[in-house]
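Tertiary structure, described
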Amino acid sequence: MIRVIRGSEPEYLSSKYVRSVKESAKKFHSSSRNSQIRWKVDTTVFRYFEVFDGLQRQFNGKCAYCESFLGINSPATVDHFRPIRGSLGLNGDFSSEHYWWYAYEWKNLYLSCALCSQTKGNRFPVDGSRCRPSTPIDKNSESILIIDPCGEGNPGDHLMFGEDGRVQSLSREGELTIEIFGLNRIALCDQRSHELKRFYENAVLHFSIDFESVLKNALGNGNSYLQMKYQAYAKWMSDPNYYLKRVPIVNGTKFDLRAEELRKVFVPTLRKYDWKPTPSLPRNWLNISEREDKTVEAQPLEVARFVERIEIRGFKSIKELNINFSGSNADGSSWKIFLGENGVGKTSLLQALALTLSGPNVATDLALNPKSLINENSKNASVRVYLSGDKIPIDLDINSQGFFSNSTFSGLEVYGYGAVRLLGVENSSSDTRAQRIANLFYATKYISGISDWLLGVDESKFNQVVRALRDILPNASTGLFVRKMKRVIYVDRGAEISLENLSDGYQTTIAMLVHLMRGLLDRWPTLDVAEGIVLIDEIGVHMHPQWKMRIVSNLREAFPRVQFVVTTHDPLCLRGIKNNEVEVIERREDGYVWRRPNLPDIESLRIDQILMSEHFGLSSTLEPTMEAAMKEYQLLMSKRTLSQDEQASLNQLREKINSASLFSRSRRERLAMQFIDEYLAAESLNHKEQDLSNMREITKKKIADIIGAKREKS
Ligand SMILES: [Zn+2]
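My aim in this report is to walk through the structure given alongside it, one point at a time. Every residue gets a number counted from 1 within its own chain, in the order that chain's sequence is written. Reporting of local features is limited, given that this is a predicted model, to residues whose pLDDT is at least 70; pairs of side-chain atoms are given and counted only at 80 or more, and all residues count toward the totals for whole chains, interfaces and linings. Computation of side-chain values: all heavy atoms of the structure, hydrogens and water removed.

It is worth spelling out the overall build of the chain at this point. Tallying secondary structure elements over the chain gives 22 helices and 24 strands in all. Throughout, a residue-residue contact means that at least one pair of heavy atoms, one from each residue, lies within 4.5 Å. Restricting the contact set of the chain to residue pairs at least 6 apart, pairs at least 24 apart contribute 71%. Methods summary: accessible areas were calculated by the Shrake-Rupley approach with a probe of 1.4 Å, and residue burial reflects only the protein chains presented. Counting every atom, the chain has about 34000 Å² of accessible surface; 49% of that belongs to carbon and sulfur. Only DSSP runs of H or I with at least four residues qualify as helices, and only runs of E with at least two residues qualify as strands; both kinds are numbered from the N terminus onward.

In structure tokens:
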């Protein structure tokens, strides 16, 4: 983390539109009648190019917190430094009021990688009390307990990077920052140590030739992990021998430079750029990375845990399979969806994950036979799961004697649902760790106790459940749920229907979701902040096509901090899924299960052509973001003159839409489509009939011309 000084605010944020969005947020929060409605944040405001580009420039295209580069492999997220849907403090104290009024505030928007934003979740610890609601951001004098990269101080005073890529804290703020953002996640540490090595090597290779420009390149603003590099270079300056010790061999050549020679080039160059060790570094800071690691006993609410990687050997039908989960989505939520033929091992994968995360006691509670989980060609099964924020992966070993694990962390919340999800009739008020994943192993373990819990739960939790159901169930957004005569009843425009009378598809899905919410609300104050890992086999089962197409986006919205790992063989469930969230798994002839590399662009997958037939009744199969892009594109197309910025964004949009193959690939067809779009845009803006008629003629002629041009060429 380095210090970033805020530039001026994009004009768009004070536009009439954004002012009205802010006004409606204010209205929503001052009304008490909204307990069953979820506040909708207008995310188009931060995705608007002026704002998003502004953030890209402000943070040099890097995560404000971990300094990783953002791009195709790690999409950029807009993070609210002060969370806007309620804030968690230390020791689990929670304020539902903070900080909705900073939702569209420039100084609260930070460019972030998905993992930092997701790991932070709704945590925002302060010392003392939080500010009064609606305090302007410039007047906010809370004393924050994590490092603000846009604050006054230097993050380097709190964080110390070691040679192995790990970061240690030099203060309480540093310690909390490392934990809350998960700055020691395994992939990130590897990346950092790799980069550090590369820069040492570069410096050695170019040492006598052009060391000054090596330094300039290495420490320019656009570089990733600058804080670490500043510190590394500062070490060299204070002790050039140190540098000799670190990288004596490059490409097999040993560099035998004496300290005096080094110092001659090194010290003046570094001095020139005025790099010093940060003043508050402890005396033994040079050796800090070799010191015994201080174990921080984090409070459960201080740390988020998500699956980063899984390695499976000899588990049921899976001989060997490794999957990375690190790529998560630009809105901070994390999904992984596994596609594959039946019998390829999708269910086994979820079971392996569930058991490893829940621990051997749960396997015993579920009365699982270890032998039935071991691949027929193996003596034992082993599963290794890497969690974000944990130094040591969790290992589960299964042999004929039983289940063995090294896990000591019991704070993980895991829920698992199998492909057959039946409503139970028995009343079960308990909710054990085994019961949370039982359905994944036994179709006969019903999801039970739902109505009783709904009837008995307090008003605020009941409203939260209803709010989520309204988001997730199709066509439920206009109705209200009430409790009446010992039943839960859905009321919509005068009509009443009780839960038991809904169709099976609705009932089983509601049962699963309420079961999940019961568990989450048991530990977390609200669903907006609730974290956990949810595994669902065959997510689209029991749903009609229109519902399948919305289920992922809807669950994302209702459970923004939950990691979902799901399977499906239904292409409809892929709507709302981003490219790096899909894995296709296949079985080779020799029994190895592997993930197919180089998948096509999922966001532009054309299931629409199959699905636009009338009996599905689908009005639009476009991804919501693509739909928005199309709209903006049409609007710009309809303008007679364009400013330079507008022209630039038109080009950008055209590229986006083109690459999503909404247009056909040949230039001829693209041109034709462009003319048609111009016409449609004019039509949608209600131009006069006379103008339209003229335009139709011109469009026809233009298209005829291209077709003619084609004839001549062929
Ligand atoms: Zn990050």
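So much for the structure itself; the text now carries on.
Now for the coordination of the zinc ion. Tetrahedral coordination by four donors puts the ideal angle at the metal at 109.5 degrees, and octahedral coordination by six puts it at 90 or 180 degrees. Note on the zinc ion: its protein donors are Cys63 (SG), Cys66 (SG), Cys113 (SG) and Cys116 (SG). The metal-donor distances range over 2.3 Å. Coordination geometry of the zinc ion: the four donor atoms subtend angles of 103 to 117 degrees at the metal centre, consistent with an arrangement described as tetrahedral. Think of the donor list as every N, O and S atom within 2.8 Å of the metal, or within 3.2 Å for Na, K and Ca; water never makes the list, so a site can look incomplete. In terms of primary sequence, the donors binding the zinc ion are separated according to C-x2-C-x46-C-x2-C. Residue Cys66 is located in the loop between helix H3 (49-58) and strand S1 (76-80), and its partner Cys116 is located in helix H4 (residues 114-120); the two are separated by 50 residues in the primary sequence. A four-donor site is called tetrahedral if each angle lies between 85 and 135 degrees; a four-donor site is square planar, and a six-donor site octahedral, when trans pairs exceed 155 degrees and the remaining angles lie between 65 and 115; all other cases are labelled irregular.

Moving on, we get to the side chain of Glu531. Looking at where Glu531 falls in the secondary structure, it is placed in the loop between helix H16 (504-523) and strand S21 (532-536). Burial classes: relative accessible area under 20% of the type maximum marks a residue as buried, over 50% as exposed, and values in between as partly exposed (1.4 Å probe, protein chains only). On the accessibility criterion, Glu531 (6% relative accessible area) is buried. Look past the residues within four positions of Glu531 in its chain and what remains in contact with it is Thr119, Gly121, Arg123, Val303, Ala304, Glu413, Leu520, Trp524, Arg561 and Val562.

Turning to the sheet that holds strand S16 (residues 402-405), a few remarks are in order. Here, strands pair whenever DSSP counts at least two bridges between them. Strand order in the open sheet formed by five strands is S12-S11-S14-S15-S16, and the pairing between neighbours is antiparallel. Either end of the sheet is taken by a strand with one partner, and the two such strands are strand S12 (318-324) and S16. For this sheet, the mean angle separating the axes of adjacent strands, direction not counted, is 10 degrees. In this structure, strand S15 (residues 394-399) lies alongside S16, joined through four bridges in antiparallel fashion. Looking at the pairing, Asp397 lines up with Phe404 of S16. Angles shown run from 0 to 180 degrees and are taken between the N-to-C directions of axes, each axis being a line fitted to C-alpha atoms and, for helices, limited to the stretch in contact.

Among the buried residues, those of types Ala, Val, Leu, Ile, Met, Phe, Trp, Tyr and Cys that are joined through side-chain atoms within 4.5 Å form a nonpolar core. In terms of nonpolar packing, the biggest core is built from 60 residues, with Tyr65 and Phe181 touching the most fellow members. Annotation comment: domain bounds sourced from an automatic or database domain assignment. There are two domains that each give this core at least three residues, and those are domain 1 (11-153) and domain 2 (188-272).

With respect to the helices, strands and loops of the structure, Phe69 is situated in the loop between H3 and S1. Overall, the relative accessible area of 46% leaves Phe69 in the partly exposed class. With near-sequence residues (within four places) excluded, Phe69 lies in contact with Asn60, Gly61, Lys62, Ser74, Gly222, Asn223 and Ser224.

A few words now on the pairing of strand S11 (residues 307-315). By the criterion of burial, S11 is predominantly enclosed, with seven of the nine residues buried. Relative to strand S14 (residues 381-387), S11 runs antiparallel, the two being bridged by six bridges. Directly across from Arg313, in S14, lies its bridge partner Ser382. Strand direction decides the pairing type here: S11 and S12, joined by six bridges, are antiparallel.

Time to look at the packing of aromatic side chains. Between the rings of Phe, Tyr and Trp (Trp by its six-membered ring), a pair exists once the centres lie within 6.5 Å; its type follows the angle of the planes, with under 30 degrees stacked, over 60 edge-to-face, and the other angles tilted. Following the criterion strictly, the structure yields 18 aromatic pairs and no others. Between Trp101 and Tyr102, the aromatic rings sit 5.1 Å apart at their centres with planes inclined by 55 degrees, giving tilted as the arrangement. Taking the relative accessible area as the measure of exposure, Trp101 reaches 13% and is therefore buried. Its relative accessible area of 0% is what places Tyr102 among the buried residues. Members of the aromatic cluster, connected to one another through ring pairs, are Phe59, Tyr65, Phe81, Tyr99, Trp100, Trp101, Tyr102, Tyr110, Phe124 and Phe181. The ring of Trp106 carries the charged tip of Arg6 above its face, separated from the ring centre by 5.1 Å. It is Arg82 that lies over the ring of Tyr99; its NZ or CZ is 5.5 Å from the centre. Criterion for a charge above a ring: Lys NZ or Arg CZ within 6 Å of the ring centre, and within 35 degrees of the ring normal.

Bringing helix H5 (residues 172-181) into the picture now. Of all 10 residues that make up H5, eight are buried, and the element is covered over most of its length. Among all positions in H5, only Gly174, Glu175, Leu176, Thr177, Ile178, Glu179, Ile180 and Phe181 are buried. Tucked inside the fold, the buried residues of H5 contact H4, strand S7 (159-161) and strand S8 (167-169). Within two residues after H5, Gly182 carries a phi angle of roughly 65 degrees, on the positive side.

Attention now goes to the pattern of salt bridges. By definition, a salt bridge exists where a carboxyl oxygen of Asp or Glu is found within 4 Å of a side-chain nitrogen of Lys or Arg. Across all of its chains, the model carries 21 salt bridges by this definition. A salt bridge links Lys336 to Glu583; the nearest nitrogen and oxygen atoms lie 3.2 Å apart. With a gap of 247 residues between them, Lys336 in strand S13 (residues 334-339) and Glu583 in strand S23 (residues 582-587) connect regions that are remote in the sequence. Here Lys336 matches Glu583 in class, with each residue buried. In this structure, Glu459 engages Arg483 in a salt bridge whose closest nitrogen and oxygen atoms are separated by 3.2 Å. In this pair, Glu459 sits in helix H15 (residues 459-472) while Arg483 sits in strand S18 (residues 480-484), placing the two residues 24 residues apart along the sequence.

Let us look at the packing of helix H11 (residues 346-358) against helix H13 (residues 433-441). Orientation of H11 relative to H13, taken along the N-to-C sense of each, is 165 degrees, at an axis distance of 10 Å. Overall, the two elements H11 and H13 adopt an arrangement that is roughly antiparallel. Seen from above, H11 lies across H13 with left-handed handedness. Of the residues in H13, those in contact with Leu350, Gln351, Ala354, Leu355, Leu357 and Ser358 of H11 are Arg433, Ile437, Leu440 and Phe441. When its residues are assigned to classes, the contact of H11 with H13 shows seven nonpolar, two polar and one charged. For classification purposes, angles smaller than 35 degrees are called roughly parallel, those larger than 145 roughly antiparallel, those between 65 and 115 roughly perpendicular, and all remaining angles oblique. Each crossing gets its hand from how the near helix is turned against the far one by less than a right angle, where anticlockwise is left-handed and clockwise is right-handed. Classes in brief: Ala, Val, Leu, Ile, Met, Phe, Trp, Tyr, Cys and Pro nonpolar; Asp, Glu, Lys and Arg charged; the others, Gly included, polar.

Here we come to the sheet that holds strand S24 (residues 593-595). Pairing is mixed across the open sheet formed by six strands, whose spatial order is S17-S21-S22-S13-S23-S24. The sheet is open, and its two borders are formed by strand S17 (414-417) and S24, each paired with just one other strand. Within the sheet, the average angular offset between the axes of one strand and its neighbour, ignoring direction, is 20 degrees. Two elements, S23 and S24, share three bridges in a ladder whose sense is antiparallel. Bridge pairing in S24 links Ile585 to Arg595. Those strands touched by H13 are S17 and S21, and its axis lies near 25 degrees from that of S17.

The next thing to look at is the pairing of S15. Residues Ile394, Leu396 and Ile398 of S15 are buried on one face, while the alternating residues Asp395, Asp397 and Asn399, pointing to the opposite face, are not. As defined by bridge partners, S14 adjoins S15 across five bridges and the pair is classed as antiparallel. Residue pairing across strands places Val385 opposite Ile394, the latter belonging to S15. Turn length for the S15-S16 hairpin, with the two strands adjacent in sequence and antiparallel, is two residues.

A few words on unusual backbone geometry. Excluding glycine, most residues fall at negative phi; most peptide bonds, likewise, are trans. Here the amide bond leading from His98 into Tyr99 is cis, since omega sits at 0 degrees, within 30 degrees of zero. Note on placement: Tyr99 falls in the loop between strand S3 (94-95) and strand S4 (109-113). Of note in the backbone geometry, Lys316 takes a positive phi value of approximately 45 degrees without being a glycine. Its location among the elements puts Lys316 in the loop between S11 and S12.

Function-wise, these values are silent; they only describe arrangement.
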